[in-house]
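Understanding the architecture of this molecule
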Amino acid sequence: MAPTEQSMDGRRIPGRRANWWVRGGLIAMAASMAFVFFLATRVQPYFDDGTPMRQASHRSLGLPSCRFQEMTDLPCPSCGMTTSFALLVRGDIWSSMRANWVGTGLAVFCMLFIPWSIASVFFGRFVWVRNVEGVLAVLVGVFTVLMMGRWVIILLLRAVD
């Protein structure tokens, strides 16, 4: 039986069931995000003396330095995101926020996305969301504006110093 939704005038209308490929996509995205959190547990976000890093912890995975920072001697807009995720999965919320507060927000969103996508697969429809494309577009826009706004503030603070 297809799920139903309530219309504005109180009539019950059939709800949209998610196709098998939509459900598969949700599972794949949830698995990908779970893998990102697994990788965050492999990152070393602390210096040898135990103080938390603010950026460049991705190098503990053998990844290269930030090219943008090497070329400009300025942090890139996403500097500190990996460190933020790595600190958050360890429960170090304050240090995660200091590394990159937008990354902390993104990590929290991803943590909430995993059970939401599993619930949506289970119920066969998007739970609590009517227009997934619209919500995703708004979220991408919000995170992009926050990330770029944070970056501009950091650049302005560096210019003042």
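Just so it is clear, the model here is predicted, and its values are computed rather than measured. (Residues numbered from 1 in each chain as written. Predicted model: local features only at pLDDT ≥ 70, side-chain atom pairs only at ≥ 80, totals over all residues. Heavy atoms only, no water.)

Judged by nonpolar contacts, the single largest core of 18 residues is most densely connected at Leu 26, Phe 37, Trp 116 and Phe 126. Every element with two or more residues in this core is listed here: α1 (20-42), α3 (81-89) and α4 (93-123). The greatest single-element share of this core, amounting to seven residues, is contributed by α4. For Trp 116, the contacting residues outside a window of four places in its chain are Leu 26, Phe 126, Val 127, Trp 128 and Val 129. (Core = buried A, V, L, I, M, F, W, Y, C linked by side-chain atoms within 4.5 Å. Buried < 20%, exposed > 50% of the residue type's maximum accessible area, 1.4 Å probe, protein only. Helix = DSSP H or I, 4+ residues; strand = E, 2+ residues; numbered from the N terminus. Contact = heavy atoms within 4.5 Å.)

Our focus in this paragraph is the packing of α3 against α4. Relative to each other, α3 and α4 sit at 80°, their axes nearing to 7 Å. As the angle between them shows, α3 and α4 are arranged roughly perpendicular. Between α3 and α4, the residues in contact are Met 81, Thr 83, Ser 84, Phe 85, Leu 87 and Leu 88 and Ile 93, Ser 95, Ser 96, Ala 99, Asn 100, Val 102, Gly 103, Thr 104, Leu 106, Ala 107, Val 108 and Met 111, respectively. A breakdown of the residues in the contact of α3 with α4 according to their chemical character gives 11 nonpolar, seven polar and no charged. (Axes fitted to C-alpha atoms, helices over the stretch in contact; angles between N-to-C directions. Parallel < 35°, antiparallel > 145°, perpendicular 65-115°, else oblique. Nonpolar A, V, L, I, M, F, W, Y, C, P; charged D, E, K, R; others polar.)

Turning next to the side chain of Asn 100. Checked against the element boundaries, Asn 100 lands in helix α4. The class of Asn 100 is buried, set by a relative accessible area of 1%. Among the polar contacts listed, one links the side chain of Asn 100 to the backbone nitrogen of Val 102, at a separation of 3.0 Å. (Polar contact = N/O pair within 3.5 Å; in protein donor to acceptor, adjacent residues only side chain to side chain.)

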